[in-house]
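# Structural features, examined
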Amino acid sequence: MKLLVTGGAGFVGSHSVNALLQAGHDVTILDNLSTGHRWALQGCELIPIDLRDTYHLNRKLKGRGFEGVLHFAAKSLVGESKNQPAMYYQNNVGGTTNLVRAMQAADIQKLVFSSTAAIFGNPISDLIDEEHPKAPINVYGQTKLVVEQMLQAVTQSSNFSATCLRYFNAAGANNTANLGEWHEPETHLIPNALRAAAGTGNPLTLFGDDYPTVDGTCVRDYVHVDDLASAHVAAIEQMDKRGAFGTYNLGNGNGYSVKDVIAACEKAVGTEIPHTIGPRREGDPATLVASAQKAHNELGWSPKHEGIDEIAQSAWNWECYRRDSLA
Ligand SMILES: NC(=O)c1ccc[n+]([C@@H]2O[C@H](COP(=O)([O-])OP(=O)(O)OC[C@H]3O[C@@H](n4cnc5c(N)ncnc54)[C@H](O)[C@@H]3O)[C@@H](O)[C@H]2O)c1
């Protein structure tokens with residue numbers, strides 16, 4: 001298929017571009033490079049525009065023959081979203097409504113949208129399925145939920161089809177394609193633990209060790225970014241089969257505590273990772289683990305990289321490459 005990938009120069013987007021190329025698709029990337037990277041483009045054409053720029057967006061989508069769009073472009077820092085809510089709504093909600101309208105004007109009817117576990121807020125069950133109540137507790141999660149609702153409404157009033165993929169904690173890297181995670185600032189645990197180990201980052205602070213979990217630290221579901229990528233390939237390829245609107249939770253279904261993750265990173269690096277225990281962070285639920293049964297049943301998706309050791313090792317290989325070849 002001839003596909004447009006917004007945010008294809010970012011972390012999850014670039015791994016998905018790699019998977020789409022491997023599956024034989026023709027990929028064009030649209031990205032304003034605000035948090036994305038030129039080295040992640042993998043030889044694809046770049047449309048270097050901002051989704052908030054409706055004039056250029058409409059012009060760039062018309063007449064290109066795109067058959068579908070995978071939409072990763074968004075701002076995704078919880079803390080930043082609290083401080084700059086209007087910017088988050090403009091970028092994530094406004095950017096997506098602009099995209100949908102430009103797609104409709106260009107007669108492109110298929111969209112895969114990057115949603116998040118943050119739409120659920122504080123979980124009422126340990127395993128979160130698609131029907132779990134949606135009550136986001138931060139602006140970032142709110143913007144993603146509003147977009148899901150908007151997409152559902154659009155699919156109900158037209159031929160437009162949309163699939164929302166709700167990732168839990170994206171992690172790991174593709175060492176064959178030399179792709180990986182590089183956010184500034186980095187807020188994710190695994191890269192921060194690895195950088196603390198390598199002496200290239202700040203000392204690591206654990207946010208609370210008095211949660212009602214196995215060792216007192218927060219438990220999360222880490223899903224390898226290549227597994228997220230394969231879900232995107234399945235979602236866009238099967239969209240016709242599945243009808244107009246779908247939502248899928250994507251995770252391993254296994255919870256790892258912060259201390260488990262640090263132990264896995266220590267194993268990968270071969271050294272102890274110095275860390276201190278700080279207070280709890282506002283809005284961090286004790287446990288967040290996905291039920292991905294629906295994605296398994298309907299998309300035929302199951303994660304191939306389930307263990308935290310494998311995820312940490314691939315992230316460490318990437319971190320070494322990044323430090324030696326790109327930084
Ligand atoms: N990384 C995770 O753990 C995670 C978890 C759940 C959901 N998500 C969602 O997945 C998507 C990708 O996340 P990521 O970690 O790869 O982020 P990222 O910051 O690495 O990638 C986002 C990309 O979008 C581009 N972009 C942002 N705003 C844009 C705009 N207005 N116009 C054009 N391009 C724009 C950026 O330059 C970047 O290349 C996001 O929508 C995010 O909310 C990520």
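Residues numbered from 1 in each chain as written. Predicted model: local features only at pLDDT ≥ 70, side-chain atom pairs only at ≥ 80, totals over all residues. Heavy atoms only, no water.

### Observations regarding the state of the cysteines
Per the stated rule, a full pass over the model turns up zero disulfides. The thiol of Cys218 is unpaired, and the distance to the nearest cysteine sulfur, on Cys265, comes to 16 Å. On the accessibility criterion, Cys218 (6% relative accessible area) is buried. (Disulfide = S-S within 2.5 Å. Buried < 20%, exposed > 50% of the residue type's maximum accessible area, 1.4 Å probe, protein only.)

### Some remarks on the site of the ligand
In the vicinity of the ligand there are 29 residues, among which Val12, Asp31, Thr35, Tyr140 and Lys144 approach most closely. The backbone of Phe11 places a nitrogen or oxygen atom 2.9 Å from an oxygen atom of the ligand. In the model, a nitrogen atom of the ligand is placed 3.1 Å from a nitrogen or oxygen of the Asn32 main chain. Here the ligand has 820 Å² of accessible area as a free molecule, and 97% of this is covered by the chains. At the level of secondary structure, the elements contributing two or more residues to the shell around the ligand comprise α1 (11-22), β5 (110-116) and α5 (139-156). Looking at the shell around the ligand, the element that brings in the most residues is β5, giving three residues. (Near = heavy atom within 4 Å. Polar contact = N/O pair within 3.5 Å; in protein donor to acceptor, adjacent residues only side chain to side chain. Areas by Shrake-Rupley, 256 points an atom, 1.4 Å probe, with all protein chains shown as cover. Helix = DSSP H or I, 4+ residues; strand = E, 2+ residues; numbered from the N terminus.)

### A look at the side chain of Thr143
Structurally, Thr143 is set in helix α5. Thr143 sits in the buried class, given a relative accessible area of 0%. Of note is the side chain of Thr143, whose polar atom sits 2.7 Å from the backbone oxygen of Tyr140. Apart from the residues lying within four places of it in its own chain, the contact partners of Thr143 are Tyr88, Tyr89, Asn92 and Val93. (Contact = heavy atoms within 4.5 Å.)

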